[in-house]
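Chain by chain, the residues run as shown.
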Amino acid sequence: KKRFTIALAGNPNSGKTTIFNSLTGTRQKVGNWSGVTVEKKEGLIYRRGYEIQLVDLPGTYSLTPFSIEEIVARDFIIDEAPDVVITIIDASNLERSLYLATQVRELDCKVLFALNMADLARAKGMTIDADTLSRLLDVTVAFTVGNKNDGVETLLDLAIDLAESGKITVPERRVKYNRDAEAAISRIREKIEQAGPPIYNSRWMAIKLLENDQIVRQRLVNAYEERSRSILDTVDACRSHLTDIFDDDPEIVMTDERYGFIAGLIKEVVHVSPRARADIS
Ligand code: GDP
Ligand code: K
Ligand code: MG
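Since we're looking at a predicted model, the values are computed, not measured. (Residues numbered from 1 in each chain as written. Chains lettered and ligands numbered in written order. Predicted model: local features only at pLDDT ≥ 70, side-chain atom pairs only at ≥ 80, totals over all residues. Heavy atoms only, no water.)

### Some thoughts on the UniProt feature "binding site: Mg(2+)" (unreviewed entry) in the protein chain
Then comes step 1: The UniProt entry lists Asn-21, Ser-22, Thr-24 and Gly-25 under the feature "binding site: Mg(2+)" (unreviewed entry), expressed in the numbering used here.
Then comes step 2: Relative to the helices and strands, Asn-21 resides in helix α1 (residues 16-24).
Then comes step 3: Residue Asn-21 is classed as partly exposed on the basis of its relative accessible area, which comes to 32%.
Then comes step 4: Aside from chain neighbours lying at most four places away, what touches Asn-21 is Gln-28 and Lys-41. (UniProt positions renumbered as here; feature names shortened; annotations may be inferred. Helix = DSSP H or I, 4+ residues; strand = E, 2+ residues; numbered from the N terminus. Buried < 20%, exposed > 50% of the residue type's maximum accessible area, 1.4 Å probe, protein only. Contact = heavy atoms within 4.5 Å.)

Rendered as structure tokens:
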């Protein structure tokens with residue numbers, strides 16, 4: 001039997017569990033993620049000749065390993081390599097949602113965006129240009145209203161199409177950091193690639209190391225052992241160089257730049273009707 005795993009990622013209250021329940025019905029298993037007290041929901045779906053395991057990831061605002069939920073969600077995507085990650089976006093809270101969604105898009109996985117809460121976005125007078133968002137991030141985008149079960153079956157269909165399709169694509173539009181950070185990313189990447197086949201997308205690893213991500217650091221040490229020493233020396237030198245330039249931690253500067261990138265995206269894809277604008281102010 002052909003099998004797929006599809007994971008649902010999203011902010012808390014984005015409608016993840018609503019969509020999960022509507023797709024799995026009663027075929028659910030509720031437990032805990034191993035070693036932690038975070039609830040894990042899994043369900044089985046049968047469609048188009050496939051047995052699909054659907055996993056409801058913990059709700060998070062980011063994929064930085066600051067909370068156990070973020071660690072669980074990110075580790076699942078990296079280690080279990082689900083066939084597709086559906087990112088549930090609260091369309092009425094686009095900035096917060098895209099902060100997570102763009103981070104998921106940067107991982108080596110097939111991603112599908114669900115613009116959920118489409119009814120609330122409409123009520124706010126927001127029109128979201130899904131085609132432009134789709135083109136800019138090279139990702140399939142579908143509208144859903146989870147609590148009305150609207151668009152949910154189409155979403156699953158698109159996820160199966162994506163699971164069946166070929167390779168993972170890298171989006172043309174992605175966060176470009178300041179010149180000094182980009183130079184540091186290139187240097188670290190080079191060091192990683194010299195040490196052997198990268199354990200993960202080397203740009204992503206370089207960014208995480210520059211941000212002082214302790215989990216990625218540990219994974220690097222585990223994978224490369226003594227060869228990690230010279231990579232980490234470069235990372236530490238780059239970090240202190242950037243800290244001198246910006247008088248701030250690189251991760252703070254880079255987070256600001258990610259928000260800048262999202263603000264740019266929103267400018268291109270969201271239109272607010274003049275009347276709604278007047279109502280808000
Ligand atoms: P989760 O925290 O991401 O799992 O979110 P839930 O699935 O628990 O949903 C949070 C709330 O939003 C619930 O009250 C849902 O009924 C509601 N909800 C889910 N999808 C939609 C939607 O598309 N539109 C509206 N208006 N409410 C929704
Ligand atoms: K909830
Ligand atoms: Mg939930």
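Still to come is the rest of the account.
### Some words on the side chain of Glu-211
Then comes step 1: With respect to the secondary-structure elements, Glu-211 resides in the loop between α8 (202-210) and α9 (214-224).
Then comes step 2: Overall, Glu-211 belongs to the buried group, its relative accessible area being 9%.

### Section: the site of ligand 1
Then comes step 1: Neighbouring residues of ligand 1: 15 residues in total, closest Asn-13, Lys-16, Thr-17, Thr-18 and Asp-119.
Then comes step 2: Backbone polar atom of Ser-14 to an oxygen atom of ligand 1: 3.1 Å apart, as the coordinates give it.
Then comes step 3: Out of a free accessible area of 580 Å², ligand 1 has 71% covered by protein chains.
Then comes step 4: Of all the elements in the fold, those that place two or more residues in the shell around ligand 1 are α1 and α4 (118-123).
Then comes step 5: It is α1 that contributes the most residues to the shell around ligand 1, three residues altogether.
Then comes step 6: Across the shell around ligand 1, the residue classes tally to four nonpolar, nine polar and two charged. (Near = heavy atom within 4 Å. Polar contact = N/O pair within 3.5 Å; in protein donor to acceptor, adjacent residues only side chain to side chain. Areas by Shrake-Rupley, 256 points an atom, 1.4 Å probe, with all protein chains shown as cover. Nonpolar A, V, L, I, M, F, W, Y, C, P; charged D, E, K, R; others polar.)

### Points about the nonpolar core
Then comes step 1: Counting residues in hydrophobic clusters, the biggest one holds 64 residues, and the most contacted among them are Leu-57, Phe-113 and Leu-209.
Then comes step 2: If near-sequence neighbours (up to four positions away) are discounted, Leu-57 is found in contact with Ala-7, Leu-8, Ala-9, Lys-16, Trp-33, Ala-73, Phe-76 and Ile-77. (Core = buried A, V, L, I, M, F, W, Y, C linked by side-chain atoms within 4.5 Å.)

### Thoughts on the layout of surface pockets
Then comes step 1: Space inside the largest pocket adds up to approximately 260 Å³.
Then comes step 2: Considering each element in turn, the lining of the largest pocket owes the most residues, three residues, to α8.
Then comes step 3: Each residue belonging to the lining of the largest pocket can be placed in one class, and the counts come to eight nonpolar, two polar and six charged. (1 Å grid on protein atoms, 1.4 Å probe; cavity = no way out; pocket = protein on both sides within 12 Å on 5 of 7 lines; lining within 4 Å. Points joined across faces, edges and corners; volume = space filled by probe spheres on them.)

### A word on the environment of Ile-199
Then comes step 1: As for its placement among the helices and strands, Ile-199 is situated in the loop between α7 (179-195) and α8.
Then comes step 2: For Ile-199 and Leu-155, which are 44 residues apart along the polypeptide, the C-alpha to C-alpha distance reads 31 Å.
Then comes step 3: When sequence neighbours within four positions are dropped, the list of residues in contact with Ile-199 reads Met-205, Arg-219, Leu-220, Ala-223 and Tyr-224.

### Describing α1
Then comes step 1: Where α1 is concerned, the buried positions are Lys-16, Ile-19, Phe-20, Leu-23 and Thr-24. Taken around the axis of α1, the buried residues stretch over an arc of 115°, which confines them to a single face.
Then comes step 2: A positive backbone phi angle near 60° is found at Gly-25, which sits one or two residues after α1. (Arc of directions from axis to C-beta.)

### Comments concerning the side chain of Thr-132
Then comes step 1: Relative to the helices and strands, Thr-132 is located in helix α5 (residues 130-137).
Then comes step 2: Residues within four places of Thr-132 in sequence aside, it is in contact with Glu-268 and Val-269.

### Comments concerning the packing of aromatic side chains
Then comes step 1: Applying the stated rule across the entire model yields four aromatic pairs.
Then comes step 2: Between Tyr-99 and Tyr-259 the ring centres are 4.3 Å apart and the planes differ by 5°, which places this aromatic pair in the stacked class. Residue Tyr-99 is found in helix α3 (residues 94-105), and its partner Tyr-259 is found in helix α11 (residues 250-269); the two are separated by 160 residues along the sequence.
Then comes step 3: Judged by relative accessible area, which is 6%, Tyr-99 ranks as buried.
Then comes step 4: Here Tyr-259 falls in the partly exposed class, since its relative accessible area comes to 33%. (Phe/Tyr/Trp six-rings, centres within 6.5 Å; stacked < 30°, edge-to-face > 60°.)

### As for the sheet that holds strand β2 (residues 28-32)
Then comes step 1: Pairing is mixed across the open sheet formed by seven strands, whose spatial order is β2-β3-β4-β1-β5-β6-β8. The open sheet has two edge strands with one neighbour each: β2 and β8 (140-143). The mean angle between the axes of side-by-side strands here comes to 25°, regardless of whether they run parallel or antiparallel.
Then comes step 2: Relative to strand β4 (residues 50-56), strand β3 (residues 39-47) runs antiparallel, the two being bridged by seven bridges. Within β4, the position partnered with Glu-42 by the bridge is Val-55.
Then comes step 3: Against the sheet, α1 contacts β1 (2-10), β2, β3, β4, β5 (84-90) and β6 (111-116), and its axis sits at roughly 40° relative to β3. (Pairing = 2+ DSSP bridges. Axes fitted to C-alpha atoms, helices over the stretch in contact; angles between N-to-C directions.)

### Quick look at the pattern of salt bridges
Then comes step 1: Applying the stated criterion across every chain yields a total of 17 salt bridges.
Then comes step 2: Of the charged contacts, one joins Glu-193 and Arg-189 as a salt bridge, the two residues approaching to 3.9 Å between their closest N and O atoms. Within this pair, Glu-193 and its partner Arg-189 are both found in helix α7, separated by four residues, close to a single helical turn.
Then comes step 3: Overall, the relative accessible area of 41% leaves Glu-193 in the partly exposed class.
Then comes step 4: Connected through salt bridges with shared partners, the residues Arg-48, Asp-157, Asp-161 and Glu-164 form a single ionic network. (Salt bridge = Lys/Arg side-chain N within 4 Å of Asp/Glu carboxyl O.)

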